[in-house]
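Structural characterization, general
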Amino acid sequence: MKPFTRRIATLITVPMMLMHGVAQAVVQMIEVNAGNNEVTVPLPAGIQEVELAQQRAGNCRFGRSWGYDLTSRQLWASQGCSGVFKLTIRDDAVPATGTPGSTDSSNAAAGLAAMAAIAGVAILASQGNKHHQDAYYPPPANNGYYPPPPPPPPPPQYGGGYNPQMMGPSNVVRSASGLCMDMQGGQVRPGTPMSLFPCHGRGNQQFARSPRGEIVVGGLCLDVAGRNLMNGAQIVSFPCDGSPTQQWVMSGAQIRNMRGGLCMDVANNNNRQGAPVIAWGCHGGQNQRWFW
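This is a predicted model, so every value here is computed, not measured.

**Observations concerning the nonpolar core**
- One finds M181, L222, I235, M264 and W290 to be the most contacted residues of the largest nonpolar core, which totals 24 residues.
- Put simply, the parts of the chain that give this core at least two residues each are strand 11 (180–183), strand 12 (194–197), strand 14 (215–217), strand 15 (220–224), strand 17 (248–251), strand 19 (262–266) and strand 20 (277–281).
- When near neighbours in sequence (up to four residues on either side) are disregarded, M264 contacts M181, I215, L222, I235, W248, I255, V277, I278, N287, Q288 and W290.
- By size, the runner-up hydrophobic cluster in this structure holds 18 residues, among which are I30, L43, Y68 and A77.

Encoded structure:
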């Protein structure tokens, strides 16, 4: 079998001001080519978001032929998906290689290249003005073949299920309308659907996240009704069992299912009391914005 090709190229690195005087982010463009086998690429510390910037080959569909996990810091691609991906990384997480106190983008790029070299990932770096937007694609080396990366680190000992010691802090989850996600009718039991309700902060509105991405309320995990990842499926509470439909990732203000690629959504854009919370294709509208 012809070995699969994986080419990861640093195309352009740009520091961006997230808020005046607060923090910067580094944007790193990488190219990943997946053949018939699944490709797994380690992501750097401080990774905040991964986006498909340009599809090159195959049918790249989020959750089907590519995806990422911020908890284990991995990007994966399969089924022939090849494309250029944009990584958004906290600037303070990128190791600097210049003079102390320097925030030049070339230092950030060099730091990322150093991390990749330690991980055994081949990176072809390209220099460019930080205000220059034209991407440069260096020619492939070694006939386009790179050795496979070292195996990923072992997963954490937490194997899923409700474990209070592994939960993060609990808080209310507000919609863009200011109403809170709520276990309908205050019923803390399996199968209870989620809906919007005025915020009061009691137990049926206290949500916490686990290391695997579960969102837990009242000792139960948020799941997709019937585990049917289709538009319109209701978000309900269910006993935590490690199912992929119980794993979610924060992407900006969206809450995305890690494998299905659907987002938590207020049905019919009806941001009023009692409106059900459902799964729907991610589009970034106000009815898909949530705030912890």
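**Details of the sheet that holds strand 13 (residues 207–209)**
- As summarised here, the arrangement of the four strands in space is 13-14-15-16, forming an open sheet in which the pairing is antiparallel. Each edge of the open sheet is held by one strand with a lone partner, namely strand 13 and strand 16 (235–238). On average, each strand axis in the sheet is inclined to that of its neighbour by 45°, with strand direction left out of account.

**A word on the packing of aromatic side chains**
- Counted by the stated rule, this structure contains four aromatic pairs.
- Geometrically, the ring pair formed by F62 and W66 is edge-to-face, given 5.0 Å between the ring centres and 75° between the ring planes. Taken as a pair, F62 and W66 share a single burial class, namely buried.
- Ring pairs connect the aromatic residues F62, W66, Y68 and F85, which therefore count as one cluster.
- For the cation-ring pair, R209 lies above W292, with the distance from its terminal atom to the ring centre recorded as 4.5 Å.
- The ring of F62 has R256 lying over it, and the distance from NZ or CZ to the ring centre is 5.3 Å.

**Thoughts on the environment of R90**
- Here R90 lies in strand 8 (residues 82–90).
- Assessed through its relative accessible area of 38%, R90 is described here as partly exposed.
- Placed 42 residues apart in sequence, R90 and Q48 show a C-alpha to C-alpha distance of 7.0 Å.

**Things to note about the confidence of the model for the chain**
- In the predicted model, the chain carries a mean pLDDT of 76, and the fraction of residues at 70 or more is 68%.
- The model gives residues 97–137 a pLDDT under 50, and that stretch makes 62 contacts with residues more than four places away or in other chains.

**A word on the side chain of T88**
- Inspection of the secondary structure puts T88 in strand 8.
- Relative accessible area serves as the criterion here: at 13%, T88 is assigned to the buried category.
- Residues in contact with T88, not counting those within four places in the same chain, are A25, V26, G46, I47, Q48 and E49.

**Considering the sheet that holds strand 6 (residues 66–69)**
- Ordered in space as 4-7-6, the three strands form an open sheet in which the pairing is antiparallel. With partners counted over all chains shown, the strands left at the sheet margins are strand 4 (39–42) and strand 6, one partner each. Neighbouring strand axes in the sheet, compared pairwise and without regard to direction, differ in orientation by 15° on average.
- Pairing between strand 4 and strand 7 (residues 74–77): four bridges, direction antiparallel. Each residue of the ladder has a partner; that of T40, found in strand 7, is W76.

**Some points on the pattern of salt bridges**
- Evaluation of the coordinates by the stated rule reveals four salt bridges.
- Put simply, E51 and K86 hold a salt bridge, and the shortest N to O gap is 3.9 Å. Of the two residues, E51 is situated in strand 5 (residues 47–57) and K86 in strand 8; the sequence distance between them amounts to 35 residues.
- Exposure remark for K86: the relative accessible area of 27% places this residue in the partly exposed category.
- Residue R212 pairs with E214 through a salt bridge whose shortest N-O separation is 3.7 Å.
- Taking the relative accessible area as the measure of exposure, E214 reaches 0% and is therefore buried.
- Salt bridges linked by common partners bring D223, R227 and D241 together as one network.

Cut-offs used in this document
- Residues numbered from 1 in each chain as written.
- Predicted model: local features only at pLDDT ≥ 70, side-chain atom pairs only at ≥ 80, totals over all residues.
- Heavy atoms only, no water.
- Core = buried A, V, L, I, M, F, W, Y, C linked by side-chain atoms within 4.5 Å.
- Buried < 20%, exposed > 50% of the residue type's maximum accessible area, 1.4 Å probe, protein only.
- Helix = DSSP H or I, 4+ residues; strand = E, 2+ residues; numbered from the N terminus.
- Contact = heavy atoms within 4.5 Å.
- Pairing = 2+ DSSP bridges.
- Axes fitted to C-alpha atoms, helices over the stretch in contact; angles between N-to-C directions.
- Phe/Tyr/Trp six-rings, centres within 6.5 Å; stacked < 30°, edge-to-face > 60°.
- Lys NZ or Arg CZ within 6 Å of the ring centre and 35° of its normal.
- pLDDT = per-residue confidence, 0-100.
- Salt bridge = Lys/Arg side-chain N within 4 Å of Asp/Glu carboxyl O.

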